[in-house]
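# Fold and contact review
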Amino acid sequence: MTDPKTTTVEVRLPTKMGYEKVAMSTAASVAKLMGFPEDRIEDLKTAVAEACINAIEHGNRLNEKLSVGVVLRADNDELEVKVLDDGRGISSKPVKPDIDRKMHGDEDARGMGMFLIQALVDEAEWVTGSDGKSSYVRLVIKLNKQAA
Amino acid sequence: MESETKSHVDQLQSPTGYPVAVLRFTGDISSTSKEAVLGAYEALPRETTKLILLDFTKVDYINSSGIALVIQLLIQAAHSGQTVCAFGLSAHFTKVFTMVGITKYARLFPSQTEALAAL
């Protein structure tokens with residue numbers, strides 16, 4: 001049974017680049033209603049954007065027949081955002097980008113999304129569905145913690 | 001859905017008299033911004049362009065793919081012996097640029113005036 005103090009908002013996005021902005025706006029609106037400060041909301045927006053982009057590009061492989069689910073759960077003191085796709089999940093943990101290696105061509109200039117997600121929220125967890133074809137990333141920001 | 005990136009170049013002079021190329025970006029910077037970012041940079045005359053400022057004042061949204069394009073620009077600039085600085089990023093994106101280490105290769109300033117004064 002849902003805790004009466006918990007509010008849930010669900011959004012379903014088309015698998016098209018650019019639609020992460022819908023999730024960003026929704027997350028920002030919920031966070032603002034909860035009383036999060038502006039800098040924390042900006043952190044959340046970027047993290048949600050990166051999570052949605054990963055879901056669109058990698059999880060759903062830009063297949064427009066699929067959609068990306070975004071479920072926001074607002075509690076008394078934290079906001080949880082789950083971004084769900086039909087992919088197999090991640091194969092490795094986020095790695096901190098090495099700017100020196102990127103500048104010398106030893107590391108792809110891309111690939112910073114997961115690092116930013118982990119750095120900007122209080123909790124980030126990548127989960128692979130038990131059926132092997134549905135996965136989600138769970139992001140949490142807490143009201144009593146300061147921005148990254 | 002994404003706000004298309006637009007760019008244009010202004011030629012200014014630093015307070016000490018050096019020519020400075022200012023690449024001004026408008027809109028979102030994402031994976032679709034390659035022409036606006038790298039195309040604009042590559043159109044600069046390489047032999048005579050030594051100082052470059054990136055103007056993010058009118059940029060609302062940059063994702064990690066957009067940051068990757070900025071890094072690719074910095075790589076090319078480094079190979080050409082050019083100095084690149086940036087200004088106009090919001091406090092949030094200044095923090096993000098710092099997190100990924102861009103500040104090691106390009107200084108960030110709040111405004112054009114401060115960026116020019118540092119060149």
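Preceding this section is the structure that the text describes.
Residues numbered from 1 in each chain as written. Chains lettered and ligands numbered in written order. Predicted model: local features only at pLDDT ≥ 70, side-chain atom pairs only at ≥ 80, totals over all residues.

### A word on the interface of chain B and chain A
Condition: Residues are treated as contacting if the C-beta atoms built from their backbones sit within 7 Å of each other. Put simply, DSSP H or I for four residues or longer makes a helix, DSSP E for two residues or longer makes a strand, and each gets a number counted from the N terminus. Three residue categories are used. Nonpolar comprises Ala, Val, Leu, Ile, Met, Phe, Trp, Tyr, Cys and Pro, charged comprises Asp, Glu, Lys and Arg, and polar comprises the others, including Gly.
Facing 21 residues of chain B, the contacting portion of chain A comprises 21 residues. Of all the secondary-structure elements, those providing two or more residues to the side of chain B that touches chain A are α2 (64–79) and α3 (91–99) of chain B. At 9 residues, α2(B) tops the list of elements feeding residues into the side of chain B that touches chain A. Here the side of chain B that touches chain A is built from residues that sort into 12 nonpolar, 7 polar and 2 charged.

### Regarding the environment of Y18(B)
All names here are of chain B. Tracing the backbone shows Y18 in the loop between β1 (6–13) and β2 (19–29). As for Y18 and K34, which are separated by 16 residues in sequence, their C-alpha atoms are 28 Å apart. When residues no more than four places from it in sequence are discounted, the contact partners of Y18 are Q13, L51 and L119.

### Let's talk about unusual backbone geometry
Residues and elements named next belong to chain A. This is how it is decided: Burial is judged by counting the other C-beta atoms within 10 Å of a residue's own C-beta: 20 or more makes it buried, 12 or fewer makes it exposed, and any count in between marks it as partly exposed, with every C-beta position built from the backbone.
The phi dihedral of R61 falls on the positive side, at around 50 degrees, and the residue is not glycine. Looking at the secondary structure, you find R61 in the loop between α2 (38–59) and β2 (67–74). With 12 C-beta atoms counted inside 10 Å, the residue R61 sits in the exposed group.

### Thoughts on the sheet that holds β2(A)
Strands belonging to one sheet form pairs held by backbone hydrogen bonds; the direction of such a pair is parallel or antiparallel. Residue and element names in this part refer to chain A. The condition that has to hold: The pairing criterion for strands is at least two bridges between them, as found by DSSP. Each axis is a line fitted through C-alpha atoms, taken for helices only over the stretch in contact, and angles between the N-to-C directions span 0 to 180 degrees.
With antiparallel pairing, the 5 strands of this open sheet are ordered in space as β1-β2-β3-β5-β4. The open sheet has two edge strands, β1 (7–14) and β4 (123–128), and neither has a second partner. Each adjacent strand pair in this sheet contributes to an overall mean axis angle of 15 degrees, direction not counted. When β4 meets strand β5 (residues 135–142), the two strands line up antiparallel, connected through 6 bridges. Along β5, the bridge assignment pairs T128 with S135. This element, α2, spans β1, β2, β3 (78–85) and β5 of the sheet and lies at about 180 degrees to β5.

### Digging into helix α1 (residues 20–34) of chain A
Residue and element names in this part refer to chain A. Which entries qualify depends on this criterion: Here, expected helix span is obtained from the residue count minus one, scaled by 1.5 Å.
The first and last C-alpha atoms of α1 sit 21 Å apart over 15 residues, in line with the 21 Å expected at 1.5 Å per residue. If you check which residues of α1 are buried, you get E20, K21, A23, M24, A27, V30 and A31. Buried residues along α1 sit against β1, α2, β2 and β3. One or two residues past the end of α1 sits G35, with phi positive at roughly 95 degrees.

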